[in-house]
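Architecture and fold: a report
One-letter residues, chain by chain:
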Amino acid sequence: MKKLLSLLLSMMLLVACSSTTTSTDEPATETATPEAVSAKINVYTRDSSSGTREAFEKAIGLSELTQEAIEVSSNGDMAVKVGADENGIGYVSLSTDFEANGIKPLNFEGVTPTEETVLDGTYGMQRPFAFVTRDSYDTPEKEALVLAFIDYLCNSTEGMLTVEAAGGVVDLSKSVAWSELAKNHPIVNEDNSAITISTCGSTSVTKTLQAALESFVPLAGNFQFTMNQTGSGDGYKRVLGEEKDGVNGADIGFASRNFNEEEDVTNALSTGVYCIDAVVAVVNKNNALTDITADALNQIYSGTLTDFSLVK
């Protein structure tokens, strides 16, 4: 009997011990804290002569660009590269086709980049689309046609509406009907099919410039035109500068910035600004980011902020 009672007591003790648990036995998943999703930022920038880059860096107060930045060749190249990189960030012209390139424009300092916010000055990251002509041309006919196009581009209702439709920002209150302006340019009534106008300079102006040229052709004797937009640094160089008389010479140069002191345009037959454009910070369309500040962009482009999860 004593042996039986002893056996029963031992079994009860074993059962009691097996049902007792401590905190170390609990599954780790019950107390684990999920980590924030992170993504290393890939920074894209333009070359040092780019007017878009100049306007962008000035707007965000950038003094030194990170050595990790990936340099692209043009506005279009920037759009394509960021659109193909889910961790990419860059900047392009407002006239860029965001959807077609798979990129998303970001609000800057809480303001959405639109024609309205650029024109009223509330959107802070903007720059001019400037042009310059040669000081003389091979023939008086080409000179007259170039000046007629500049008048159409800068002052006519039709030209300004075309630029606006292509993404440029213009003040239509100052426009004049082309039928009135054309009276000052009898060259447009001639057959100009043998004349070719060549343009160069900023890549950002491509969309607005091409639209304006195409709309002017039937109004000005069906002239021909060629566009070789390689960057703002070439706008002056190939029209009035060191390359004006070489194989790269052109008739009208463009820059997505004001011409600087080293680019003396005082001898040009005509120079000025034909529209305003915004520089827009962009990310891949799948990025959750929608707004960004100048300070955040400064930190990203200087290399001190390298992860999208830390962007405030």
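The following paragraphs examine the structure supplied in this document. For every chain, the first residue of the written sequence is number 1, and numbering continues from 1 onward in sequence order. The predicted nature of this model means local features are confined to residues of pLDDT at least 70 and side-chain atom pairs, given and counted, to a pLDDT of 80 or more, with totals for whole chains, interfaces and linings taken over all residues. To obtain the side-chain values, all non-hydrogen atoms of the structure were used and water was disregarded.

Here's the deal with the packing of aromatic side chains
Only rings of Phe, Tyr and Trp enter the pairing, Trp through its six-membered ring, and a pair is recorded when the two centres are within 6.5 Å. The plane angle decides the type: under 30 degrees is stacked, over 60 is edge-to-face, the rest tilted. Counting across every chain of the model gives 11 aromatic pairs. Summarising the aromatic geometry, the rings of Phe56 and Tyr301 are spaced 4.9 Å apart at their centres and angled 65° between planes, so their arrangement reads as edge-to-face. You can see Phe56 sitting in helix H2 (residues 51–60) and its partner Tyr301 sitting in helix H11 (residues 294–302), a full 245 residues away along the chain. By relative accessible area, Tyr301 is classed as buried at 1%. In this structure an aromatic cluster arises from ring pairing among Phe149, Tyr152, Trp178, Phe216 and Phe223. To qualify as a helix, a DSSP run of H or I must reach at least 4 residues; to qualify as a strand, a run of E must reach at least 2; elements of each kind are numbered from the N terminus. The rule is simple: take the accessible area with a 1.4 Å probe, protein chains only, and divide by the maximum for that residue type; under 20% is buried, over 50% is exposed, in between is partly exposed.

Overview of the environment of Thr122
The residue Thr122 is located in the loop between helix H5 (115–119) and strand S6 (126–133) in this model. The spacing of Thr122 and Thr112 is 10 residues in sequence and 9.1 Å in space, taken between C-alpha atoms. Contacts: residue pairs with any heavy atoms within 4.5 Å of one another. With residues up to four places along the chain from it excluded, the contact list for Thr122 reads Val111 and Thr117. In protein, a polar contact requires one atom able to donate a hydrogen and another able to accept it; more generally it is a pair of N or O atoms within 3.5 Å, and residues adjacent in sequence count only if both atoms are side-chain atoms. One polar contact links Thr122 to Asp120, side chain to side chain, over a distance of 2.7 Å.

So, helix H7 (residues 157–165)
Residues spaced three or four apart along an α-helix point in a common direction, a consequence of the helix completing one turn every 3.6 residues. Here H7 has its buried residues at Gly159, Met160, Thr162 and Val163. Along H7, the residues classed as buried sweep out an arc of 155° about the axis, all on the same side. Those residues of H7 that are buried lie in contact with helix H6 (140–155), helix H9 (206–216) and strand S10 (271–284). Looking at the residues trailing H7, positive phi occurs at Gly167, about 110°. This arc is taken over the directions from the axis of the helix to the C-beta atoms.

Observations regarding the state of the cysteines
By convention in this document, the label disulfide applies to cysteine sulfur atom pairs within 2.5 Å. With the rule as written, the count across this model stands at 0 disulfides. Cysteine Cys154 is unpaired, with the sulfur of Cys275 as its nearest cysteine sulfur at 9.2 Å. Given a relative accessible area of 18%, Cys154 falls into the buried group.

Concerning H2
For H2, a buried count of 7 out of 10 residues is recorded, marking the element as mostly surrounded by other parts of the structure. Every buried residue belonging to H2 is among Gly51, Thr52, Arg53, Ala55, Phe56, Glu57 and Ile60, and all of these are buried. The distance from a side-chain oxygen at the start of H2 to the backbone nitrogen of Thr52 is 3.2 Å, and the residue carrying that oxygen is Ser50. Gly61, located one to two residues past H2, shows a positive phi value of around 70°.

Remarks on the pattern of salt bridges
One speaks of a salt bridge when a side-chain nitrogen belonging to Lys or Arg is within 4 Å of a carboxyl oxygen belonging to Asp or Glu. Applying the stated criterion across every chain, the model contains 9 salt bridges. Among the salt bridges present, the one from Asp245 reaches Arg134, with a minimum N-O distance of 3.4 Å. Pair noted here: Asp245 is in the loop between helix H10 (233–237) and strand S9 (252–255) and Arg134 is in the loop between S6 and H6, with a separation of 111 residues, a long-range link. Residue classification places Arg134 among the buried residues on the basis of a relative accessible area of 13%. Residue Lys237 is joined to Asp234 by a salt bridge in which the shortest nitrogen-to-oxygen separation is 3.6 Å.

Let's talk about the nonpolar core
Grouped together as the largest cluster of nonpolar side chains are 41 residues, with contacts concentrated most on Ile89, Ile292, Leu297, Ile300, Tyr301 and Val311. Looking at this core, the elements that each hand over two or more residues are strand S1 (42–46), H2, helix H3 (75–83), strand S3 (88–93), S10 and H11. Looking at this core element by element, the count peaks at 6 residues for S10. Grouping buried Ala, Val, Leu, Ile, Met, Phe, Trp, Tyr and Cys residues that are joined through side-chain atoms within 4.5 Å yields what is termed a nonpolar core. Of all hydrophobic cores here, the second largest spans 33 residues; its members include Ile150, Ile187, Ala212 and Phe223.

Brief notes about the environment of Gly233
With respect to the secondary-structure elements, Gly233 resides in helix H10. As for Gly233 and Glu263, which are separated by 30 residues in sequence, their C-alpha atoms are 9.5 Å apart.

Concerning the pairing of S6
Most of S6 sits out of view: 7 of its 8 residues are buried. The criterion for strand pairing is that DSSP finds at least two bridges linking the strands in question. Bridging between S6 and S10 involves 7 bridges; their strand directions are antiparallel. Paired with Ala130 across the two strands is Val273, which belongs to S10. Note: S6 against S9, 4 bridges, orientation antiparallel. Within S9, the residue paired with Val132 across the bridge is Gly253.

From the geometry alone we can't say anything about function, so treat these as descriptive.
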